[in-house]
Every structure is written in structure tokens, then in C-alpha cells.
Amino acid sequence: MESLGQLLEEELSEAVEVKNPKSFHRFILLLTENLVEKQRHEEVTNEIRSDLKEVITIMRERFEAVDKRFESVDKRFEDMNKRFTGLQWAIGLGVTILAILMTIYQYI
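Residues numbered from 1 in each chain as written. Predicted model: local features only at pLDDT ≥ 70, side-chain atom pairs only at ≥ 80, totals over all residues. Heavy atoms only, no water.

Visitor: Explain the overall build of the protein chain here, please?
Guide: Across its full length, the protein chain holds two helices and zero strands. Against the compact-globule benchmark of 13 Å for 108 residues, the protein chain has a radius of gyration of 41 Å, which places it well outside the compact range. When the backbone C-alpha atoms are referred to their principal axes, the protein chain occupies close to 130 × 15 × 15 Å. Burial statistics for the protein chain: of 108 residues in total, 5% are counted as buried. When the accessible surface of the protein chain is totalled, it reaches about 10100 Å², and 61% of it is carbon and sulfur. (Helix = DSSP H or I, 4+ residues; strand = E, 2+ residues; numbered from the N terminus. Rg over C-alpha atoms; globule rule 2.2 N^0.38 Å. Buried < 20%, exposed > 50% of the residue type's maximum accessible area, 1.4 Å probe, protein only. Areas by Shrake-Rupley, 256 points an atom, 1.4 Å probe, with all protein chains shown as cover.)

Structure follows, in C-alpha cells:
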């Protein structure tokens, strides 16, 4: 930015009448410092934006992985529920047959 300051100072001093060279030099310094800060601010902002995009991408990937895991666990529970439903039916049938046999045995 030093060369930019020198370039601005030379061009402006030729374009306008400079009454106080020290004041003019301070003006150019303030102007170029502000430009440097603004440029640095834009760089930092762009870095933050790219980092946020990366974090969002990673979060979406992880959420999708968790969703898939929950779907597989849900499917496994549905399969177990089907097996237990059949088992419950078989146990109910067994208890009914046992009750019938005990009733028959009691009257024999």
C-alpha cells in the first residue's frame, strides 16, 4: 500500500493546489490506511464465509448419516416387532391350549 499512497499523493498534488504539504501527506496516509483496513476486513469476511460453508456442508453430511442410522435402527425394531407379534400369538395359543388341557384333566 506504500506505493498506492505515493501514487495518490503525486497524482493529487498535480491535480489540485496543495497549501499545506504535511496536512496533504496525512490525508493520503489516512486514506490508504482506511483502504488497507477495508481490504483486510473483506479478506477476513470471505474467509469466515468459506469456513461457514464448509461447516454447513459437514453438518449436513453428518445429519444425513444420523438419519440413515435411525432408519436402519427403526427397520430393525420393526422386524423385531413382527417376530414378537408372532411369538405373542404362539404364547397366547399355548396358554389357551394349556388351559383347555387343565380343564379337561380336572374333569377326568
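Moving on from the model shown.
Visitor: Can you walk me through a negative patch on the surface in this structure?
Guide: Side chains of Glu 61, Glu 64, Asp 67, Glu 71, Asp 74 and Glu 78 sit close together on the surface and give a patch of like negative charge. Mapped onto the secondary structure, Glu 61 falls in helix H2 (residues 21-107). (Patch = residues over 30% accessible without salt bridge, like charges linked within 9 Å, V, L, I, M, F, W, Y side chains within 5 Å. Salt bridge = Lys/Arg side-chain N within 4 Å of Asp/Glu carboxyl O. Lys, Arg positive; Asp, Glu negative; His and termini not counted. Charge placed at Lys NZ, Arg CZ, Asp CG, Glu CD.)

Visitor: What is the right way to look at a nonpolar patch on the surface in this model?
Guide: Together, Trp 89, Leu 93, Ile 97, Ile 100, Leu 101, Ile 104 and Ile 108 make up a nonpolar patch on the protein surface, roughly 780 Å² of accessible area in all. For Ile 100, the location among the structural elements is in helix H2.

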